[in-house]
Amino acid sequence: MSEKLQPGDRVALLTSGGDAPGMNAALRAAAKVGVSMGLEVVGVEDGYVGLMAGRIVALDLRALDDASRRGGTILGSARSKVFPTAEGQAKAREVIARERLAGLVVIGGNGSLTGARTLRDAEGARGKLRVGGLPASIDNDLACTTMAIGVDTAMNTIVEACDRIADTASAHRRTFVVEVMGRDCGYLAMTAGVAAGADAVLVPEIGKSEDSIVEQAVSMMVDAYTKNTGKRRVLIIKAEGVKIDSASLRERIELQVKEQLNDVDTRVTVLGHVVRGGTPSAFDRLLGARLAHAAMRAVFDGDTDFMAGWIGPGAMPSEATGTRLCAYDPYVVLTGLEAVLRETDKLMKGESAVAQWRRRIFAEIEPILAR
Ligand code: F6P
């Protein structure tokens, strides 16, 4: 733990990477908590791109009140290729020193938190910069938090879209392949699929071949439309991490199903960026606010190089990752960024306990959904 910050110290907020609904609610809470502790809270425009360019702006609490009800991020976001380079790092460090920043709170996903970690030894106004992170990514592909900001809204958006699609699909006795975002992670597709009552969910964690996916779809269609199951549609959700083009998947399903069934159609809907925008759910607003509250208090108290994660009731500290209970909120835990990034890497490689549990449960759910 470093020295505590003092009233009047400057802490900057930055959003980076793919925006996520709830980022604005997190910004609003961070600004208000900071101000109430006597800090000067400023914003960085457009993520690390703006940090390197010194685009530090005052925050308007009324504008944040308004923005907290909206998706996106009022500060803007970016994916920077320059920031990780030596030149980019030097620029960012120069701005941190020049702007007399004592702390920085980064709201974003894996890449953004990797960036945050590189700045933990930047010289700030009160010795080393205090750096805190908040997990925000609709993909839910970060470790050391059960939910990232944005996941709940994205899930609700997918469910709403699937409900609409199910109406028209049932009317026509059609099969729909609905492709959803999630990068290399199937969490969003699977959870939304269960909630929407999908008949199958294709996720990268299961790693099926294209042939077996086509076979599965065809046999589901034959079962649904010929075996008196009462089904009038087949809804297949495909995570974008399953690297098969949805249009060619449809062509192959149609070709094969024609051998057994007449008069059934397959359609594709790619939800794309629709999933990332929109009004944040109450849960995402609250999650953003609670994580931001904990992070700002921790930074104020001299904590650094950590992420505030959401564990929910019965939070469990972990010796393996150094995850510790958070003094400011019993549903929040603080984990060092090094452990967060290491565990996230294991999660994405399928090596962590969470990854193994997800793969097992995804496989178990599959035959149940098809019934
Ligand atoms: O990480 C969030 C995410 O929306 C992913 O689901 C998706 O693969 C990616 O970002 C899309 O990024 P971009 O908006 O840069 O195309």
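For clarity, every value in this text was computed on a predicted model and none was experimentally measured.

Draft legend 1. Region of the structure containing the overall build of the protein. Along the backbone of the protein there are 12 helices and 14 strands. By the burial criterion, 56% of the 371 residues in the protein qualify as buried. Considering only contacts within the protein whose residues lie at least 6 apart along the sequence, 76% involve residues at least 24 apart. When the accessible area of the protein is evaluated, it comes to approximately 15,400 Å², of which 51% is carbon and sulfur surface. The positive charge centre, built from 46 side chains, and the negative charge centre, built from 47, are 2 Å apart in the protein.

Draft legend 2. The packing of helix H6 (residues 151–172) against helix H7 (residues 187–196), seen in detail. Packing of H6 against H7 leaves a shortest axis separation of 9 Å and a crossing angle of 50°. By the angle class used here, H6 and H7 are oblique. For H6 against H7, the interelement crossing comes out right-handed. The residues of H7 that touch H6, namely those facing Val 151, Ala 154, Met 155, Ile 158, Val 159, Cys 162 and Asp 163, are Tyr 187, Leu 188, Thr 191, Ala 192, Ala 195 and Ala 196. Here the residues of the contact of H6 with H7 are counted per class, giving 11 nonpolar, one polar and one charged.

Draft legend 3. Broad picture of the domain arrangement of the protein. Partitioning the protein into structural domains gives domain 1 (10–150 + 280–354) and domain 2 (157–276). For domain 1 versus domain 2, the distance between C-alpha centres works out to 35 Å. Counting residues at the interface gives 10 residues for domain 1, matched by nine residues for domain 2. In total, domain 1 and domain 2 occlude about 880 Å² of area from one another, counting both sides; carbon and sulfur atoms represent 53% of this. For the interface between domain 1 and domain 2, the tally reads two salt bridges. Measuring nitrogen to oxygen at the nearest pair gives 3.8 Å for the salt bridge that ties Arg 183 to Asp 139. One can count one residue pair in polar contact (both at pLDDT 80 or more) joining domain 1 with domain 2. Considered class by class, the residues forming the side of domain 1 that touches domain 2 number four nonpolar, two polar and four charged.

Draft legend 4. Geometry of the sheet that holds strand E8 (residues 174–180). As summarised here, the arrangement of the four strands in space is E9-E10-E8-E11, forming an open sheet in which the pairing is parallel. Whereas interior strands pair on both sides, the edge strands pair on one side only; in this sheet they are strand E9 (200–202) and strand E11 (265–270). On average, adjacent strands in this sheet sit at an angle of 20° to one another, irrespective of strand direction. Docked against the sheet, helix H8 (residues 210–226) engages E8, E9, strand E10 (234–239) and E11, running at close to 160° with respect to E10. Helix-sheet contacts for helix H9 (residues 246–257) involve E8, E9, E10 and E11, and the interaxial angle to E11 is about 170°.

Draft legend 5. Expanded view of the packing of helix H1 (residues 23–36) against helix H10 (residues 282–300). The interhelical angle for the contact between H1 and H10, taken along N-to-C directions, is 35°, at an axis separation of 7 Å. The handedness of the crossing between H1 and H10 is right-handed. Seen from H1, the contacting residues are Ala 25, Ala 26, Ala 29, Ala 30, Val 33 and Gly 34; seen from H10, they are Arg 285, Gly 288, Ala 289, Ala 292, His 293, Met 296 and Arg 297. Looking at the contact of H1 with H10 residue by residue, the classes come out as eight nonpolar, three polar and two charged.

Draft legend 6. A look at unusual backbone geometry. The backbone of Arg 100 sits at a positive phi, close to 55°, despite the residue not being glycine. Residue position: Arg 100 is located in the loop between helix H4 (86–98) and strand E4 (101–108). Residue Cys 144 is not a glycine yet carries a positive backbone phi of 65°. Within the fold, Cys 144 resides in the loop between strand E7 (130–135) and H6. Its relative accessible area of 17% is what places Cys 144 among the buried residues.

Draft legend 7. Examining the pairing of E4 more closely. Of all eight residues making up E4, eight are buried, and the element is well covered by its neighbours. Judged from the six bridges that link them, strand E1 (residues 10–15) and E4 form a sheet pairing that is parallel. Residue pairing across strands places Ala 12 opposite Leu 104, the latter belonging to E4. Note: E4 against E7, six bridges, orientation parallel. Bridging from a neighbouring strand, Val 106 pairs with Gly 133 of E7.

Draft legend 8. Here's a closer look at H4. Over its 13 residues, H4 extends 18 Å from the first C-alpha to the last, a length consistent with the 18 Å expected when each residue adds 1.5 Å. Those residues of H4 that sit buried are Gly 88, Gln 89, Ala 92, Val 95 and Ile 96. Buried residues of H4, seen end-on, are gathered within an arc of 130° and therefore sit on one face of the element. On the buried face of H4, the contacting elements are helix H2 (47–52), strand E3 (56–58), E4, helix H5 (110–118) and strand E5 (123–124). Phi for Arg 100, located one or two positions after H4, is positive at around 55°.

Draft legend 9. Highlighting the site of the ligand. Looking at the ligand, the residues that line it are Arg 79, Ile 138, Asp 139, Met 181, Gly 182, Arg 183, Glu 240, His 273 and Arg 276. In this structure, Gly 182 approaches the ligand through a main-chain N or O atom, which is 3.1 Å from an oxygen atom. For the ligand, the accessible surface in isolation is 400 Å², of which the surrounding protein chains cover 75%. Taken together, the residues of the shell around the ligand break down into two nonpolar, two polar and five charged.

Thresholds, definitions, all that
Residues numbered from 1 in each chain as written. Predicted model: local features only at pLDDT ≥ 70, side-chain atom pairs only at ≥ 80, totals over all residues. Heavy atoms only, no water. Helix = DSSP H or I, 4+ residues; strand = E, 2+ residues; numbered from the N terminus. Buried < 20%, exposed > 50% of the residue type's maximum accessible area, 1.4 Å probe, protein only. Contact = heavy atoms within 4.5 Å. Areas by Shrake-Rupley, 256 points an atom, 1.4 Å probe, with all protein chains shown as cover. Lys, Arg positive; Asp, Glu negative; His and termini not counted. Charge placed at Lys NZ, Arg CZ, Asp CG, Glu CD. Axes fitted to C-alpha atoms, helices over the stretch in contact; angles between N-to-C directions. Parallel < 35°, antiparallel > 145°, perpendicular 65-115°, else oblique. Left-handed = near helix turned anticlockwise from the far one by under 90°. Nonpolar A, V, L, I, M, F, W, Y, C, P; charged D, E, K, R; others polar. Domains from an automatic or database assignment. Buried area = accessible area lost by both parts, 1.4 Å probe. Salt bridge = Lys/Arg side-chain N within 4 Å of Asp/Glu carboxyl O. Polar contact = N/O pair within 3.5 Å; in protein donor to acceptor, adjacent residues only side chain to side chain. Pairing = 2+ DSSP bridges. Expected span 1.5 Å × (residues − 1). Arc of directions from axis to C-beta. Near = heavy atom within 4 Å.

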